[in-house]
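Listed below, chain by chain, are the residues.
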Amino acid sequence: MAGEPHILLVDDARDIRDPLAAYLTKNGLRITKAADAAEARQVLAAHAIDLILLDIMMPGEDGLSLAGYVRATSGIPVILLTAKAEETDRIVGLELGADDYVTKPFSPRELLARIKAVLRRTGEGGGRPVHAPDAEAYAFGPWVLRSGERELVGSDGVAVPLSTGEYNLLLAFVTHPKRVLTRDQLLDLSQGRELAAFERSIDNHVSRLRRKIEEDPSDPRLIKTVWGGGYTLAAEVKRL
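Residues numbered from 1 in each chain as written. Predicted model: local features only at pLDDT ≥ 70, side-chain atom pairs only at ≥ 80, totals over all residues. Heavy atoms only, no water.

**Some remarks on the sheet that holds strand S9 (residues 159-160)**
The pairing of strands in a sheet happens through backbone hydrogen bonds and is either parallel or antiparallel. The strand order S9-S8-S7-S6-S12 describes an open sheet built from five strands, whose pairing is antiparallel. Of all the strands in the sheet, the pair left with one neighbour each is S9 and strand S12 (237-239). Judged from the three bridges that link them, strand S6 (residues 137-140) and S12 form a sheet pairing that is antiparallel. Residue pairing across strands places Tyr 138 opposite Arg 239, the latter belonging to S12. (Pairing = 2+ DSSP bridges. Helix = DSSP H or I, 4+ residues; strand = E, 2+ residues; numbered from the N terminus.)

Structure representation (structure tokens):
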């Protein structure tokens, strides 16, 4: 059991939560259920969770608020469970750092495939740190990105939280410095083609990265836009 990815399923609808948990359990996942955000926070405090399936519309604290909390405090990937009418919420969720979303009613097989795809992209099976044997650190501007810890550290030694998508995107930039990378290339390098339908998410991730690493996000000096081309990391990068 210890080797199975541990999934936190947060949904207030028992008729969705219980059958979905049973299906995912039969397919090799370890599932912990939560009926609301408060219960989910307790689970997150007590367990190492690899991925969160998160319903947006819940009584009390909604899924978007919880997603923002998760993104600010960890690198645990999040898949949103949304209704068709919640397009604006889906976009907000992606901007908050959600890794994917599935629209209700959904096929459990499709959701399982998306879970596996997100876990593959995160590399470590969720929010647990990985110390890869070939881990490296990349210094650029006042920052150091440590690939082993999946951590961005400033000149003051303080780590800045990154979502899975933000980390993968920044790693793509530091490993291809001073090269113009199109949105298609950034999708391939950072997320894989599973999210090809959401190319606008590249722009969202870049915008969030700029708010975290640029002295003035409105006048970026590190990640520059190349009009008609894509983006480029303009800073010198040194491997440590």
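**Digging into the side chain of Thr 32**
Relative to the helices and strands, Thr 32 resides in strand S2 (residues 30-34). A polar side-chain atom of Thr 32 sits 2.6 Å from a polar atom in the side chain of His 6. (Polar contact = N/O pair within 3.5 Å; in protein donor to acceptor, adjacent residues only side chain to side chain.)

**Comments concerning the nonpolar core**
If you look at the biggest cluster of nonpolar residues, it comprises 25 residues, and the most contacted ones within it are Phe 140, Leu 145, Leu 152, Leu 170, Phe 173, Leu 186 and Ile 223. Of all the secondary-structure elements, those providing two or more residues to this core are S6, strand S7 (143-146), helix H6 (164-174), helix H7 (183-190), helix H8 (200-213) and strand S11 (230-233). Residue contributions to this core peak at six residues, all from H6. Those residues in contact with Leu 170 that lie beyond four places of it in its chain are Phe 140, Leu 145, Leu 152, Leu 162 and Leu 209. Core analysis: the next-biggest nonpolar cluster, separate from the first, contains 22 residues, Leu 8, Ala 37, Val 43 and Ile 76 among them. (Core = buried A, V, L, I, M, F, W, Y, C linked by side-chain atoms within 4.5 Å. Buried < 20%, exposed > 50% of the residue type's maximum accessible area, 1.4 Å probe, protein only. Contact = heavy atoms within 4.5 Å.)

**Concerning unusual backbone geometry**
For the bond from Lys 104 to Pro 105, the omega torsion is -10°, close enough to zero to count as cis. Relative to the assigned elements, Pro 105 resides in the loop between strand S5 (100-104) and helix H5 (108-122). Of note in this structure, Lys 178 is not a glycine but carries a positive phi near 60°. Relative to the helices and strands, Lys 178 resides in the loop between H6 and H7. Judged by its relative accessible area of 47%, Lys 178 falls in the partly exposed class.

**Topic: the environment of His 176**
Relative to the assigned elements, His 176 resides in the loop between H6 and H7. Look at His 176 and you get buried, because its relative accessible area is 19%. In sequence terms His 176 and Leu 233 are 57 residues apart; their C-alpha atoms lie 7.8 Å from each other. Sequence-distant contacts of His 176, that is, excluding residues within four places in its chain, are made with Leu 181 and Leu 189. Only 2.9 Å separates the side chain of His 176 from the backbone oxygen of Ala 172, close enough to count as a polar contact.

**Considering the confidence of the model for the protein chain**
Considering every residue of the protein chain, the mean pLDDT works out to 83; 86% of them sit at 70 or more. Element-level pLDDT for the protein chain is lowest in helix H4 (residues 87-96), with a mean of 73, against a maximum mean of 95 in strand S1 (residues 6-10). Of the regions scoring below 50 in pLDDT, residues 124-133 engages in 21 contacts with residues more than four places distant in sequence or in other chains. (pLDDT = per-residue confidence, 0-100.)

**Some details on the packing of helix H2 (residues 37-46) against helix H3 (residues 63-73)**
Orientation of H2 relative to H3, taken along the N-to-C sense of each, is 20°, at an axis distance of 10 Å. In terms of orientation, H2 and H3 fall into the roughly parallel class. Crossing hand, H2 versus H3: right-handed. Facing Ala 37, Ala 40, Arg 41 and Leu 44 of H2, the residues of H3 in contact are Leu 66, Tyr 69 and Val 70. (Axes fitted to C-alpha atoms, helices over the stretch in contact; angles between N-to-C directions. Parallel < 35°, antiparallel > 145°, perpendicular 65-115°, else oblique. Left-handed = near helix turned anticlockwise from the far one by under 90°.)

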